[in-house]
Every structure is written in structure tokens, then in C-alpha cells.
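One-letter residues, chain by chain:
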Amino acid sequence: MPAKKAADGNGTTARRTAANEVVAKKAPAKKAPAKKTPAKKAGVPAKAGGAGGKPESRTALVRRARRINRELAEIYPYAHPELDFENPFQLVVATVLSAQTTDLRVNQTTPALFAKYPTPEDLAAADPEEVEEILRPTGFFRAKTKSVMGLSKALVEEFGGEVPGRLEDLVKLPGVGRKTAFVVLGNAFGRPGITVDTHFQRLVRRWKWTEATDPDKIEAAVGALFPKSDWTMLSHHVIFHGRRICHARKPACGACPIAPICPAYGEGETDPEKAKKLLKYEKGGFPGQRLNPPRSYLDAGGRPAPPLGAG
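Residues numbered from 1 in each chain as written. Predicted model: local features only at pLDDT ≥ 70, side-chain atom pairs only at ≥ 80, totals over all residues. Heavy atoms only, no water.

A. Layout of the overall build of the protein chain. Looking only at helices and strands, one finds 15 helices and 0 strands in the protein chain. For the protein chain, buried positions account for 43% of its 311 residues. The contacts in the protein chain between residues at least 6 apart in sequence include a share of 59% that link residues at least 24 apart. Summed over its atoms, the accessible surface of the protein chain is roughly 17400 Å², and 54% of this surface lies on carbon and sulfur atoms. (Helix = DSSP H or I, 4+ residues; strand = E, 2+ residues; numbered from the N terminus. Buried < 20%, exposed > 50% of the residue type's maximum accessible area, 1.4 Å probe, protein only. Contact = heavy atoms within 4.5 Å. Areas by Shrake-Rupley, 256 points an atom, 1.4 Å probe, with all protein chains shown as cover.)

Dropping the structure here:
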């Protein structure tokens, strides 16, 4: 009986197949649970890097860094040095005084200083105690008095009373390092320079432009990402953003225009309404750092700071 043989010969296989079909009908196979991914704001990368988590290429880093700078240029077209000055001498003195204090406090203090000592010759020959009294509001006033009087004396004796326009000369002056020198070169002489202050250091690391912590290494690393012609305004853009939106303790991520391209998005407040309350200066309707800001800043809604002792 052929049919019987066929059944006997394949009986084991047939029974297994039938059993599997019954099990499949009674208990359908469970699908593997989908992997949960954290919610992410549209367009906001979790971190900088290439596809598949690969390290970011040099070309991609340059493009990303320059895009951030272009965005900042649109946000802060009026960015400027936030120290009041009328000439290179006033700027170098004000920059030295800005250590360990705010530009606002320096701007509130220097009018009296420059009214009494308008030239390097005047300040070099001043009574130290009188200078200390004027500089007291800036903090560390004794050390700062020594520095500004020392640099004034050096300007008189070595440079004919004129602020030199070369980096190698500026850094020889008492109290003047590379940061101060580049502030002076970029803003008083129109020569490109990167100002690596605390805001600049914080933001370029957040944006993963560099992992360096030494100011000189940060300067070199960031400078290599941009043409020299961009350096001075790049510094202003970054510092403006650090003071207004990307704060040290509570970045206003939810109100940040560059959030979609920021690898550090989420380190600060992401709720838009809460983030708006963290904004400072013209972004939050508050006075800026300068008593005499540029016209472009005022036209953009910025307000001049009050003089020392006002309100």
C-alpha cells in the first residue's frame, strides 16, 4: 500500500510540522521589543560626530564650526568689544583692569581714571594711592594699580608714549598677556586676533571645536578652523553668545537660535519659556556692559549701562 508506506516513511516529519502549525496558531511568536530611543528635539544632534558614531572628520569639524560662526553673525551683527575706549592706550588699560571683574565695572571706573590721567605720561607719574582709590571698585586694585602704572611707564620709556601694534611688543608690557594683546590688536589696530577669555573657552569646548584647556592651545586649535580675517569678529560673536545665552551654569538652550546645530544642547534649560527668563542684556531687555556702546548696538535694542553709583 503505497500511501501507507509514504506515511510511515515521513511520519516523524509530518507530525512535527503539524504540531508546529498548531503551536503557531495558539501562541503566535512575540515580536522583539523595539529599542527605545530618547526623545530629541528635531534637528538637535545628541553629539558631534560622523554617521554611525564615527569620529568627526576634520573637514566636517571645519564646516560645522564655520556654520556656527555664520549663525552667530546673523544673531549678533552688532557684536563689539564691550570695553569703552577712545584710543589704544585706554583699551590696553581697560583690558588689564577687566581681570577678575566685569567689563561693566571697568567701564564705570575708567571715566574718572582717564579724566585725571589721559596719557601714559600722566599715569606713569601719578600718585599710586590716588590711582588705587579710583580703581578700588574693580577689585585687586593694588595689583592693578601696579600693572597700569608699570605699563604706562614702559610705554613712555620704550615706545615713546605710544601703544605698540605688534604682539611681541605688547606682551612685554606689565600685566599684558596674549589675550589682552589680541584684544588691543584686533580692536584698536584692526589686526586679526582671537580673544580666549572664560566665555570663549567654555563655548568652544561645548561645541567640541577643541578639547584643549590651555588658552594658548585653544587659540591655536580654533584659529586653525577659520581664516585669519574672521578671528576678531569670531571672538566677539562667541563672547556675546556666552554672556547672553550660553551661560556657564544655566545655558538657555530652549531660547538658543543655534540649538539645532549645537552638540551640547540639553546641558541647560530646554523649556522655551523658562529659558527666555535666563536671557541677559539686549536679548532679555537688560542694559549691556558699555556706558557708550556703538550705534548699531543701540539700534538693535541694546541699552547703555548706567554710570558708577547710579540707581
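B. Molecular detail of helix H10 (residues 178-188). Within H10 the residues assigned to the buried category are Thr180, Ala181, Phe182, Val183, Val184, Leu185 and Gly186. Next to the buried residues of H10 lie helix H4 (88-97), helix H9 (167-170), helix H12 (215-223) and helix H13 (231-244).

C. Up close: the nonpolar core. Counting 40 residues, the largest nonpolar core has Phe200, Trp207, Trp209 and Val222 as its most contacted members. Looking at this core, the elements with two or more residues in it are helix H3 (58-75), helix H11 (198-206), H12 and H13. Broken down by element, this core gets its largest block of residues, 6 residues, from H3. Residues Ala94, Leu97, Leu113 and Val163 belong to the second largest nonpolar core, which totals 32 residues. (Core = buried A, V, L, I, M, F, W, Y, C linked by side-chain atoms within 4.5 Å.)

D. Quick look at the packing of H11 against H12. With their axes 11 Å apart at the nearest point, H11 and H12 run at an angle of 55 degrees to one another. On the basis of the axis angle, H11 is oblique to H12. With respect to the hand of their crossing, H11 and H12 are arranged in left-handed fashion. Residue-level contacts link Phe200, Gln201, Val204 and Arg205 of H11 to Pro215, Ile218 and Val222 of H12. By residue class, the composition of the contact of H11 with H12 is 5 nonpolar, 1 polar and 1 charged. (Axes fitted to C-alpha atoms, helices over the stretch in contact; angles between N-to-C directions. Parallel < 35°, antiparallel > 145°, perpendicular 65-115°, else oblique. Left-handed = near helix turned anticlockwise from the far one by under 90°. Nonpolar A, V, L, I, M, F, W, Y, C, P; charged D, E, K, R; others polar.)

E. Layout of the pattern of salt bridges. This structure, assessed with the given rule, holds 15 salt bridges. Between Glu133 and Arg136 there is a salt bridge, with its nearest N and O atoms 3.3 Å apart. Where Arg295 meets Asp299, a salt bridge forms, and the shortest distance between an N and an O atom there is 3.1 Å. One end of the pair, Arg295, and the other, Asp299, are both in helix H15 (residues 295-299), 4 residues apart, so they sit about a helical turn from each other. Neither Arg295 nor Asp299 differs from the other in exposure class; each is exposed. Because the salt bridges share partners, they merge into one network encompassing Glu82, Asp103, Arg243, Arg244 and Glu282. (Salt bridge = Lys/Arg side-chain N within 4 Å of Asp/Glu carboxyl O.)

F. Molecular detail of helix H7 (residues 128-135). Along H7, the positions that sit buried rather than exposed are Val131, Glu132, Ile134 and Leu135. All buried residues of H7 project into a common sector of 160 degrees when viewed along the axis, lining one side. Residues of H7 that are buried make contact with H4, helix H5 (103-116), helix H6 (120-124) and helix H8 (141-159). A distance of 3.0 Å separates the backbone nitrogen of Glu129 from a side-chain oxygen at the start of H7, and that oxygen is part of Asp127. (Arc of directions from axis to C-beta. Polar contact = N/O pair within 3.5 Å; in protein donor to acceptor, adjacent residues only side chain to side chain.)

G. Layout of the packing of aromatic side chains. All told, the structure shown has 7 aromatic pairs when counted by the stated rule. Taken together, a centroid distance of 5.4 Å and an interplanar angle of 55 degrees make the contact between Trp209 and Phe226 tilted. Remark: Phe226 occurs in the loop between H12 and H13 and Trp209 occurs in the loop between H11 and H12; sequence separation between them is 17 residues. Across this residue pair, the class does not change: Trp209 and Phe226 are buried. A connected cluster of aromatic rings, assembled from ring pairs, spans Tyr76, Tyr78, Phe240 and Tyr297. Sitting over the face of the ring of Phe240, Arg244 holds its NZ or CZ atom 3.7 Å from the ring centroid. (Phe/Tyr/Trp six-rings, centres within 6.5 Å; stacked < 30°, edge-to-face > 60°. Lys NZ or Arg CZ within 6 Å of the ring centre and 35° of its normal.)

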